[in-house]
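# A structural walkthrough
Now for the letters of each chain:
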Amino acid sequence: FRFLVSRFWPGPLTLVVLNKEGQKIGLRYPRSRIATSVINTVGEPFVATSANRSGAPSPRNAQDVMKSLGGDIDYLIDAGSCELGEYSTVVDLSSEEPQILRKGADAENIESAIQAAYKEMMIPVKQDQVYADTGEPVSKDPKEMHKKAVEMIMYMVSDAIDNAMESEVELN
């Protein structure tokens, strides 16, 4: 779903996809200038956890993180208060139909974009259609269509991160 990545990243959107082993993972490209700078400097995606315990409220600043995690962390970068003060919106793209798992910042616009794109995906497949990237015939089997969509999502997420790292991202 390139439309989500291109429209809402960097920003408060977490995409849940399947990795090569079929496990669900959450992908995020935050809008924070410091986080974006670290990602761009490293030059590749990396694994990070949330700054709160599972089920606890999301921290809004460094003091909240210290109250929640205290001595369990080695380093803390104080970048000031969170810009939006809301959770990210989490969208699960691992099943046949995208599902919003958690409505957070910009949820209304994200939901509208998903609904519009999903309606476009429901256009019937013609007998002679082929995928533009491979030239393979388009399958009418929902499982095959989903598999191809997941492959495309993983490629687009990787491509979007590469493009963001190559060019300076304008952050509002």
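See the structure printed just above.
In what follows, the accompanying structure is described. (Residues numbered from 1 in each chain as written. Predicted model: local features only at pLDDT ≥ 70, side-chain atom pairs only at ≥ 80, totals over all residues. Heavy atoms only, no water.)

## Looking at a nonpolar patch on the surface
For the record, the criterion: Each patch is assembled from residues with relative accessible area greater than 30% and no salt bridge, linking like charges that lie within 9 Å and nonpolar side chains (Val, Leu, Ile, Met, Phe, Trp, Tyr) that lie within 5 Å. Here, Shrake-Rupley sampling with a 1.4 Å probe gives the accessible areas, and only protein chains in the shown set may cover a residue. Basic side-chain nitrogens of Lys or Arg form a salt bridge, by our definition, when they fall within 4 Å of a carboxyl oxygen of Asp or Glu. Runs of H or I in DSSP of at least four residues are treated as helices and runs of E of at least two as strands, each being numbered from the N terminus. For each residue, the accessible area found with a 1.4 Å probe, counting protein chains only, is set against the maximum for its type, and the residue is called buried under 20%, exposed over 50%, and partly exposed in between.
Residues Ile 34, Val 38, Val 42, Phe 46 and Ile 77 make up a contiguous nonpolar surface patch of roughly 440 Å² in combined accessible area. Locating Val 38 in the fold gives a position in helix 2 (residues 33-42). Its relative accessible area of 35% is what places Val 38 among the partly exposed residues.

## Brief notes about the pattern of salt bridges
In this structure the tally under the stated criterion is 3 salt bridges. Between Lys 24 and Asp 92 there is a salt bridge whose closest N-O contact spans 3.0 Å. Here Lys 24, found in strand 2 (residues 24-28), pairs with Asp 92, found in strand 3 (residues 89-92); they are 68 residues apart in sequence, far enough to count as distant. The shortest N-O distance in the salt bridge between Asp 72 and Arg 53 comes to 2.2 Å.

## Concerning the sheet that holds strand 2
Rules: Strands qualify as paired when DSSP identifies two bridges or more between them. Note on geometry: axes are C-alpha line fits, over the in-contact stretch for helices, and angles between N-to-C directions span 0 to 180 degrees.
What the 4 strands build is an open sheet, ordered 2-1-3-4; its pairing is mixed. Either end of the sheet is taken by a strand with one partner, and the two such strands are strand 2 and strand 4 (99-102). Each strand axis lies, on average, 30° off the axis of its neighbour in the sheet, ignoring direction.

## Examining the packing of aromatic side chains
Centre distance and the angle of the planes are the two values used to describe a pair of aromatic rings. Condition: When the centres of two rings from Phe, Tyr and Trp lie within 6.5 Å, Trp using its six-membered ring, the rings pair. Their planes under 30 degrees apart give stacked, over 60 give edge-to-face, and anything left gives tilted. We call a charge positioned over a ring when the NZ of a Lys or the CZ of an Arg lies within 6 Å of the ring centre and within 35 degrees of the ring normal.
In the structure shown here, the tally under the stated rule is 1 aromatic pair. Across the ring face of Tyr 87, the terminal group of Arg 60 is positioned such that the distance to the ring centre comes to 5.6 Å.

## Digging into the side chain of Asn 52
The condition that has to hold: Whenever two N or O atoms come within 3.5 Å, that pair is a polar contact, provided that in protein one can donate a hydrogen and the other can accept it, and provided that, for residues adjacent in sequence, both atoms are side-chain atoms. Any two residues having at least one pair of non-hydrogen atoms within 4.5 Å are treated as being in contact.
Residue placement: Asn 52 occurs in the loop between helix 2 and helix 3 (62-69). You can call Asn 52 buried: its relative accessible area is 18%. Within the local environment of Asn 52, its side chain forms a polar contact with the backbone oxygen of Ala 56, the two atoms lying 2.8 Å apart. In contact with Asn 52, not counting residues within four places along its chain, are Pro 57, Ser 58, Pro 59, Ser 68 and Leu 69.

## Things to note about unusual backbone geometry
In this structure, Pro 10 follows Trp 9 across a cis peptide bond, with omega equal to -10°. Positive phi, normally seen in glycine, also occurs at Asp 106, with a value near 60°. Along the polypeptide, Asp 106 turns up in the loop between strand 4 and helix 4 (107-121). For Asp 106, a relative accessible area of 34% gives the class partly exposed.

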